[in-house]
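# Report on the structure
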Amino acid sequence: DIVLYMYAPDDAVLLLARLKDKAVEDSAESAAGGAAAPPVRGGKPPPPPSRRIASTPAPLRSLKLPYSAFLQVLLDFQLMGHRHFLEPFVALFRFVDTQRKGVLEEAAFRRLVASVAPQKTAADVEQLLMAIDPFNHHIVTFSDCVVALGKDLVALLSANLQDGGTASATRG
């Protein structure tokens, strides 16, 4: 129920399918003796499932999944979504990172801002630089860029997704 509440319908269907697959996989491993079931309160493990139960597809509600496995599936799903969402920005970051260091110098950061948010003025860019490089090290990380350009990235990448991935992330 929490998945249906927390996620958009399309995402919830996909996530529930992954959770079901994981629960079936875990129950098959337990039935085969591959992984011991975690003990329940009182220190006694639950009785092993019979072969008949293990080979019969169970309804989604009757499947058991340890919290740690549930959490891992959720986090993997979130990470996949973030990676997919940021793909165009990663490509743009790599394009302006001509030295291939994984960090940007000031000039490269300015090119990045001009590509992602061409409406920003020189004063806006200076403010961003002061916020993300207050000690003037002349190094801007990928994470700094994501934080500094967060709203602009969401607008740009959302437009890219709505256009079916055809909008250019290198406007400007």
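In what follows, the structure referred to is the one given above.
A brief report on the enclosed structure follows.

About the cut-offs
Residues numbered from 1 in each chain as written. Predicted model: local features only at pLDDT ≥ 70, side-chain atom pairs only at ≥ 80, totals over all residues. Heavy atoms only, no water. Helix = DSSP H or I, 4+ residues; strand = E, 2+ residues; numbered from the N terminus. Expected span 1.5 Å × (residues − 1). Buried < 20%, exposed > 50% of the residue type's maximum accessible area, 1.4 Å probe, protein only. Contact = heavy atoms within 4.5 Å. Axes fitted to C-alpha atoms, helices over the stretch in contact; angles between N-to-C directions. Parallel < 35°, antiparallel > 145°, perpendicular 65-115°, else oblique. Left-handed = near helix turned anticlockwise from the far one by under 90°. Nonpolar A, V, L, I, M, F, W, Y, C, P; charged D, E, K, R; others polar. Phe/Tyr/Trp six-rings, centres within 6.5 Å; stacked < 30°, edge-to-face > 60°. Salt bridge = Lys/Arg side-chain N within 4 Å of Asp/Glu carboxyl O.

### Things to note about helix H2 (residues 9-31)
For H2, with 23 residues, the first-to-last C-alpha span of 32 Å sits near the 33 Å given by 1.5 Å per residue. Within the sequence span of H2, burial applies to Ala 12, Leu 15, Leu 19, Ala 23 and Asp 26. Looking at the buried side of H2, the elements it contacts are helix H1 (2-6) and helix H4 (67-96).

### What to know about the packing of helix H5 (residues 106-116) against helix H6 (residues 122-132)
Taken N-terminus to C-terminus, the directions of H5 and H6 make an angle of 125 degrees; their axes are 11 Å apart at the nearest point. Classed by the angle they form, the pair H5 and H6 counts as oblique. With respect to the hand of their crossing, H5 and H6 are arranged in right-handed fashion. Contact residues: H5 offers Glu 106, Phe 109, Arg 110 and Val 113, while H6 offers Val 125, Glu 126, Leu 128, Leu 129 and Ile 132. Of the residues contributing to the contact of H5 with H6, the split by class is six nonpolar, no polar and three charged.

### Here's the deal with the side chain of Asp 152
Relative to the assigned elements, Asp 152 resides in helix H8 (residues 150-162). A relative accessible area of 13% places Asp 152 in the buried class. Those residues in contact with Asp 152 that lie beyond four places of it in its chain are Val 116, Ala 117, Gln 119 and Lys 120.

### Some words on the packing of aromatic side chains
Enumeration over the complete set of coordinates arrives at three aromatic pairs. A centroid spacing of 5.8 Å and a plane angle of 85 degrees characterise the contact between Tyr 7 and Phe 77, whose relative ring orientation is edge-to-face. Residue Tyr 7 is found in the loop between H1 and H2, and its partner Phe 77 is found in helix H4; the two are separated by 70 residues along the sequence. A relative accessible area of 7% places Phe 77 in the buried class. Pairing Phe 93 with Phe 142 gives two aromatic rings, centres 5.3 Å apart and planes at 85 degrees, and the pair type is edge-to-face. In this pair, Phe 93 is assigned in helix H4 and Phe 142 in helix H7 (residues 142-148), connecting sequence segments 49 residues apart. Here Phe 142 falls in the partly exposed class, since its relative accessible area comes to 25%. Joined through ring pairs, the aromatic side chains of Phe 89, Phe 93 and Phe 142 make up one cluster.

### Remarks on the pattern of salt bridges
Side chains bearing opposite charge may pair, as long as their charged atoms lie close to each other. Enumeration over the complete set of coordinates arrives at six salt bridges. Where Glu 25 meets Lys 22, a salt bridge forms, and the shortest distance between an N and an O atom there is 3.7 Å. Pair noted here: Glu 25 and Lys 22 are both in helix H2, with a separation of three residues, about one helical turn. Between Lys 101 and Glu 105 there is a salt bridge, with its nearest N and O atoms 3.8 Å apart. On the basis of relative accessibility, which here comes to 40%, the residue Glu 105 falls in the partly exposed class. Look at the salt bridges and you will find they share partners, linking Lys 22, Glu 25 and Asp 26 into a network.

### A closer look at unusual backbone geometry
It is generally the case that most residues other than glycine have a negative phi and that most peptide bonds are trans. The phi dihedral of Asn 136 is positive, around 55 degrees, even though this residue is not glycine. With respect to the helices and strands, Asn 136 occurs in the loop between H6 and strand E2 (140-141). According to the relative accessible area criterion, Asn 136 is partly exposed, its value standing at 49%. The residue His 138 is not glycine, and still its phi comes out positive at about 65 degrees. Mapped onto the elements of the fold, His 138 is located in the loop between H6 and E2. Overall, the relative accessible area of 39% leaves His 138 in the partly exposed class.

Purely spatial values, then, with no claim about function.
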